[in-house]
Amino acid sequence: MIPGSDRDHPTFIRSFRFALEGIGIAIKTERNIKVMLGIGAVALIVSAWLALDPISWCIILMCCALVIHAELVNTALEAVVDLASPEIHPLAKRAKDIAAASVYVLSVMSALVGLLVFSHALGLW
Ligand SMILES: Nc1ncnc2c1ncn2[C@@H]1O[C@H](COP(=O)(O)OP(=O)(O)OP(=O)(O)O)[C@@H](O)[C@H]1O
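All values reported here derive from a predicted model rather than from experimental measurement. (Residues numbered from 1 in each chain as written. Predicted model: local features only at pLDDT ≥ 70, side-chain atom pairs only at ≥ 80, totals over all residues. Heavy atoms only, no water.)

1. Let's talk about the overall build of the protein chain
Helix and strand counts for the protein chain stand at four helices and zero strands. The N-to-C order of helical and strand elements in the protein chain reads α-α-α-α. Radius of gyration (C-alpha) of the protein chain: 18 Å, far over the 14 Å computed for a compact globule of 125 residues. Classification of the 125 residues of the protein chain by burial places 22% in the buried group. A sequence separation of at least 24 residues applies to 57% of the contacts in the protein chain between residues at least 6 apart. Carbon and sulfur atoms make up 75% of the accessible area of the protein chain, which totals about 9100 Å². When the 9 positive and 10 negative side-chain charges of the protein chain are each reduced to one mean point, those points stand 4 Å apart. (Helix = DSSP H or I, 4+ residues; strand = E, 2+ residues; numbered from the N terminus. Rg over C-alpha atoms; globule rule 2.2 N^0.38 Å. Buried < 20%, exposed > 50% of the residue type's maximum accessible area, 1.4 Å probe, protein only. Contact = heavy atoms within 4.5 Å. Areas by Shrake-Rupley, 256 points an atom, 1.4 Å probe, with all protein chains shown as cover. Lys, Arg positive; Asp, Glu negative; His and termini not counted. Charge placed at Lys NZ, Arg CZ, Asp CG, Glu CD.)

Laid out in structure tokens, this is it:
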């Protein structure tokens, strides 16, 4: 609910529209999201080219979703930190750096998982 508003909760469809707006804003303002969407698209094309089995498809899709999810949450957290602490503050740095670390942990792990799935599909192990 919007603070101070006496309106009811938005409908499911309006909430979905706000979420789409959020994705649009993130894509417009964050270079990292564009890079991650690009890498995700390449992973999906490679998956289709390798004709992955359903379980492998699920793993690749989940990895893409988790990385993009983490980057979206990181972007939202950065906005909240900038709002709460526009000036330099060690806690602002801590929050942003830890949120960024969560994206990097997921990205590295997802890259490893992708390598394992693709190399297995290529019959390398
Ligand atoms: N208010 C602040 N106080 C102290 N350090 C800050 C503050 N804002 C940002 N920093 C430091 O600068 C770094 C870059 O901050 P910035 O807001 O530009 O994130 P970013 O580089 O856009 O992150 P991302 O690449 O994930 O979008 C942060 O990770 C943090 O270490």
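2. Topic: the site of the ligand
For the ligand, the full set of nearby residues is E30, N32, N74, E78, S85, E87, I88, H89, A92, K93, K96 and D97. The contact in question runs from an oxygen atom of the ligand to an N or O atom on the side chain of K93, over 3.3 Å. Within the side chain of D97, a nitrogen or oxygen atom sits 2.5 Å from an oxygen atom of the ligand. Of all the secondary-structure elements, those providing two or more residues to the shell around the ligand are α3 (54–84) and α4 (90–121). In terms of residue count, the dominant contributor to the shell around the ligand is α4 (four residues). Looking at the shell around the ligand residue by residue, the class counts come to two nonpolar, four polar and six charged. (Near = heavy atom within 4 Å. Polar contact = N/O pair within 3.5 Å; in protein donor to acceptor, adjacent residues only side chain to side chain. Nonpolar A, V, L, I, M, F, W, Y, C, P; charged D, E, K, R; others polar.)

3. Here we look at α3
Between its first and last C-alpha atoms α3 spans 44 Å; for 31 residues at 1.5 Å apiece the expected length is 45 Å, and the two agree. Considered for burial, the residues of α3 that qualify are S56, I60, C63, C64, V67, A70, E71, N74, T75 and V81. Residue D53 occupies the N-cap position of α3, its side-chain oxygen lying 3.1 Å from the main-chain nitrogen of I55. (Expected span 1.5 Å × (residues − 1).)

4. Notes on unusual backbone geometry
Phi at A51 takes a positive value of approximately 50°, unusual for a residue other than glycine. By the secondary structure assignment, A51 is in the loop between α2 (31–49) and α3.

5. Points about a nonpolar patch on the surface
A cluster of nonpolar side chains, W49, L116, L122, L124 and W125, forms an exposed patch at the surface whose accessible area comes to about 690 Å². For L124, the location among the structural elements is in the segment after α4. Taking the relative accessible area as the measure of exposure, L124 reaches 63% and is therefore exposed. (Patch = residues over 30% accessible without salt bridge, like charges linked within 9 Å, V, L, I, M, F, W, Y side chains within 5 Å. Salt bridge = Lys/Arg side-chain N within 4 Å of Asp/Glu carboxyl O.)

6. Some remarks on the packing of helix α1 (residues 12–29) against α2
The geometry of α1 relative to α2 is characterised by a closest axis approach of 5 Å and an angle of 100° between their N-to-C directions. When the axis of α1 is compared with that of α2, the two are roughly perpendicular. Together, A26, I27, K28 and T29 of α1 and R31, I33, K34 and L37 of α2 make up the contact between the two elements. When grouped by side-chain class, the residues that make up the contact of α1 with α2 number four nonpolar, one polar and three charged. (Axes fitted to C-alpha atoms, helices over the stretch in contact; angles between N-to-C directions. Parallel < 35°, antiparallel > 145°, perpendicular 65-115°, else oblique.)

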